[in-house]
Structures are given as structure tokens and as C-alpha cells.
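Summary of the model geometry
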Amino acid sequence: MGLFRYSRELIDKVMGARKRSSIMKKGELIDPMQKFTTIGEYHVGEADGTPGGHDYVLTVYKDEKGTLHQALSPESTQKLAPEYVRKFNDELGRYRAFKSKKTGRRYLVEDYLDDFVKNVEGHVRKGENSVNIGVITDTHFKDKDSIDFYGWNGLTHVREFSYLDQTGILNLKAHLGDWIDGSDAGLVSESELIKLRDSFKSDDVPYMMIKGNHDENDKFDEHHDLRASFPENEFESIMWPTMYKQARIQYVSKQHGVSFFDLDNVRVISVNTSDVPYVLNNKEQKKYDEKITLAIREDQIEEIIEILSHSSGKQIIFMSHANPINRKGSNALKYNGRSLHELLVAFNQRERGRMHSSSDVPPEFRLSNDFDFTKIKDARIVAYFCGHRHREDQYRINGIQYILFNCSALMGKNHSLTTKYNKNWDRKIDFDNEFAGYVVNVDLKKHRIQVFGYGAASTRRMFFI
């Protein structure tokens with residue numbers, strides 16, 4: 001690379017001064033090593049904001065396109081391979097944050113999450129019937145190096161959320177769907193799902209993988225008016241076998257995305273609100289666009305009824321991508337959202353009955369399910385977690401607390417799709433509001449749910465059971 005050794009004080013008077021003048025001075029993920037813009041090697045340490053405050057060799061070099069790069073190698077090793085790398089972004093006028101070559105995580109985000117975990121630990125009770133659930137949603141990973149909207153940052157957010165696995169704070173974690181944006185070609189989106197799956201799965205923490213309305217890749221199909229880019233059950237075959245093979249995750253079948261997890265007297269049930277039949281027309285295009293056809297069908301309802309019928313002694317939380325009803329109590333899905341809510345209310349009221357749909361519902365979405373909850377004892381559905389809306393919200397209907405979580409996907413304030421909630425955050429790449437994630441504490445002894453957020457999320461919300 002034609003590298004030369006420079007003393008730490010030797011700085012190019014032309015190029016270096018010009019680039020340094022444009023470096024942003026605010027933001028928790030911006031570090032003092034931004035000032036090194038001259039090709040060479042430098043000795044850096046704690047004062048420069050190095051990982052863990054250790055001593056490193058900082059190498060500054062240019063690639064074949066003339067773009068500046070920085071690489072950090074431990075000073076204590078003879079290996080030349082760097083541990084952390086980054087490059088200069090002309091649009092930002094600064095280097096991006098350092099990423100670990102091994103984990104793909106930014107070490108400054110790990111430091112940030114360490115502080116977040118300490119805050120959570122200071123507010124939650126340890127012991128029986130105090131359960132911590134990690135929640136992330138709507139990462140919208142797509143094949144684009146975007147600095148102000150959906151892109152590669154979606155995968156980074158999943159990798160960094162999975163850092164919480166190492167902290168010991170979580171009893172369970174869940175991704176509530178829209179893993180991908182669904183706007184890339186089929187083979188690309190399939191590879192994205194595989195990367196996300198491998199970054200999310202854990203040997204330490206049980207996890208749930210919930211399907212979102214973008215995870216069928218219908219956005220690409222809509223934009224290109226071609227045959228379906230995903231074969232039938234593509235998301236399901238990539239994501240769910242990994243989820244279902246866990247010893248701690250229970251299920252009736254492996255077909256619909258319904259699963260449940262028990263810890264003490266808390267039961268968590270996952271639901272698939274993108275339960276749509278795969279039907280093609282004579283052009284091999286889908287009859288139902290899954291982005292806009294949110295639904296729950298009869299077979300999935302039957303599994304939910306079976307799980308609920310064996311839930312005595314449990315305080316139950318449901319989780320899905322989309323909220324089944326809105327704050328007015330109306331149907332928030334295309335099909336059967338209100339019916340699901342009424343089933344949950346029937347469970348809490350120990351009722352027996354039969355579910356049915358009106359005659360104007362297409363045959364694929366009609367319900368005909370019997371239920372009998374009259375023998376259930378000491379059990380109640382207390383809350384329902386969901387994403388999809390790209391904002392935080394909450395409402396309580398018929399005694400069930402609905403809690404909506406903000407999207408982790410970066411939404412810059414100048415994009416037409418950005419919600420008002422995220423415009424108010426003024427989210428920026430490499431700032432501590434770029435991402436969003438949560439730890440939810442369910443404490444049955446204190447009869448409360450606490451939601452702790454990091455990034456573009458409320459620091460702490462509290463709901464009483």
C-alpha cells in the first residue's frame with residue numbers, strides 16, 4: 001500500500017486539514033480517531049477512544065478508488081490483520097464508526113449497550129416470575145449502503161442486538177418481523193434472510209423468529225411486475241427450522257409460525273399475522289400481496305386454541321408482527337384480527353363457543369373453530385407485543401395491554417415513508433438514535449411490565465398487569 005510511518009503529530013496540511021474541518025462533532029458513536037486523515041501508522045490508546053481503552057496501531061490507507069480507510073490492530077500482537085475497520089464517507093464528511101471484522105458490530109455500540117443493560121438491571125427484580133424479553137422489529141435489511149434509510153445497517157442492527165445475548169440480561173428474545181425490506185431480487189433477499197438468521201440465532205438465549213409483511217419479497221414483485229420472486233414457504237424454510245429445533249421453544253406443529261415459551265408462570269406465544277395462502281395466477285404472480293394482506297387463518301387459530309386450552313396457571317403474552325386491532329377496537333388486519341382479539345377476551349372470561357366469519361370473507365380466510373376455556377384456572381392473557389407501525393404506541397382494550405415497538409430500521413427525517421414518530425427523532429447513521437431495540441421485564445410479583453428502550457426508543461415505559 002506504500003505506507004509510511006508518521007509521528008502522531010505529523011498531519012498533512014492540505015488534505016488532512018480539509019477533511020478534518022468537515023468532521024461532525026456530535027453523536028455518541030463519533031470518536032477522536034476521526035482526526036487521522038493522513039496515510040500512515042499511528043499509536044493510539046485510551047485517550048483516542050480505542051476498544052476497551054487498549055493500545056492499538058492505527059493504519060490509515062487509501063484503496064484503489066482513492067477512498068481513505070482506517071484499520072485497528074492490537075499493539076500487543078505481531079499479526080498484521082486488523083480487528084476493526086472503517087472507511088471515510090464523503091457524503092458524511094467523516095469516517096463511519098469502526099466495525100469488528102469478526103462480529104460485524106461497532107464497539108462503541110457495545111459500550112452503549114453495556115450502559116443500557118446496567119440501567120435495566122437497576123430497575124428490575126431478579127428471581128422467580130421476573131422475566132426479561134429482548135425485542136427488536138422491522139430491521140428492513142436491503143442491499144444498499146444507505147446512510148439515511150434502509151440498507152446494510154439492518155443487518156448491523158441485528159448483530160448488535162444479539163450482543164445482549166452475552167450480557168446475561170435476557171431470558172428470551174424475539175424479532176417481530178420485517179427482517180428484510182423485500183425490495184431486492186429473490187436470490188438476494190434469500191441470502192439476506194440467511195445472514196439475518198445466522199446473526200440472530202443463539203446458543204445462550206431462546207429466541208422466536210416472527211414473520212412480517214415484507215418478508216415474502218412482495219415489494220420486489222410489485223415494483224417489477226414479474227413472476228413471484230419467492231417460491232412457496234421460502235421464509236418459513238429458511239427461518240423456522242432453526243427456531244423450532246430449540247429445546248426451550250414448544251409448538252403444536254411447525255407449519256404456521258406459532259410457538260410458545262414458558263418460564264415460571266409466564267408464557268409467551270408467537271403468532272403469524274402474515275398467514276396468507278400462496279396462490280399464483282396464469283402469469284405466476286401472487287393473488288395476494290402479503291404487504292397489504294395481513295391475516296390469520298383457521299389452522300393457526302386452531303393451534304392457538306390448543307395452546308390456550310393447556311395454559312392453566314400461566315400469565316400470557318402474545319407477540320406478532322402486526323397489531324390485530326387498533327386503539328378503537330377495530331380490525332387492524334385484512335382478515336381476522338378482531339376475531340383473534342375476541343378469542344383472547346373469551347379466554348380471559350372462561351367462555352365456550354365457536355368462531356365464524358361473515359359470508360363476504362374469501363373462503364381461504366374463513367374461520368370455523370370451536371373453543372372451550374371453561375376449565376382454565378389461574379390464567380390470563382395480559383399483553384400483546386407487536387411492531388409494524390414504525391412507532392411506539394400503547395392501548396388497553398378489554399383488559400389486554402397492547403404495546404407497539406418502534407422499528408430498528410434507520411428512517412431519515414427527509415424520506416416520505418418515515419413516520420412522524422421517527423422524524424421527531426431525527427435519526428442519523430452512527431448516532432445513538434440510528435437503531436432501536438428493547439428489553440421488556442414482566443414481573444408477576446409486582447404486577448407490572450417495564451419496557452426499556454435503547455436508541456430511537458423511550459427509555460422506560462411502565463404498564464400494570
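I will try to describe carefully the structure that is included in this document. This one's a predicted model, so the numbers in the text were calculated from it and none came from an experiment.

Inspection of every chain in the model, using the stated rule, returns 30 salt bridges. Two residues, aspartate 443 and arginine 125, come together in a salt bridge whose shortest N-O distance is 2.9 Å. One end of the pair, aspartate 443, is in strand 18 (residues 436–443); the other, arginine 125, is in the loop between helix 2 (107–121) and strand 7 (130–136), and 318 residues separate them in sequence. When sorted by exposure, aspartate 443 lands in the same class as arginine 125, which is buried. Lysine 211 serves as the salt-bridge partner of glutamate 236, at 2.9 Å between the closest nitrogen and oxygen. In this pair, glutamate 236 sits in helix 6 (residues 234–244) while lysine 211 sits in the loop between strand 9 (207–209) and helix 5 (218–224), placing the two residues 25 residues apart along the sequence. A residue is classified by how much of its surface remains accessible, and lysine 211, at 2% relative accessible area, is buried. Salt bridges here are not isolated pairs; linked through shared partners, they connect Arg94, Arg96, Arg106, Glu160, Asp430 and Glu434.

Moving on, we get to the sheet that holds strand 8 (residues 172–175). Taking strand neighbours across the sheet as the criterion, the six strands line up as 9-8-7-18-19-20 in an open arrangement whose pairing is mixed. Unpaired on one side and paired on the other, strand 9 and strand 20 (460–464) mark the two borders of the sheet. Going from strand to strand, the sheet's axes swing by 20° on average, the running direction of each strand aside. Of the pairings in the sheet, the one linking strand 19 (residues 448–455) to strand 20 comprises five bridges and is antiparallel in character. Residue pairing in the sheet places glutamine 450 in a bridge with methionine 462 of strand 20. Lying over the sheet, helix 3 (residues 153–161) contacts strand 7, strand 8, strand 18 and strand 19, oriented at roughly 165° with respect to strand 7. Contacting strand 7, strand 8 and strand 9, helix 4 (residues 186–200) crosses the sheet at an angle of about 165° to strand 9.

Calculation notes
Residues numbered from 1 in each chain as written. Predicted model: local features only at pLDDT ≥ 70, side-chain atom pairs only at ≥ 80, totals over all residues. Heavy atoms only, no water. Salt bridge = Lys/Arg side-chain N within 4 Å of Asp/Glu carboxyl O. Helix = DSSP H or I, 4+ residues; strand = E, 2+ residues; numbered from the N terminus. Buried < 20%, exposed > 50% of the residue type's maximum accessible area, 1.4 Å probe, protein only. Pairing = 2+ DSSP bridges. Axes fitted to C-alpha atoms, helices over the stretch in contact; angles between N-to-C directions. Contact = heavy atoms within 4.5 Å.

These figures capture arrangement, not role.
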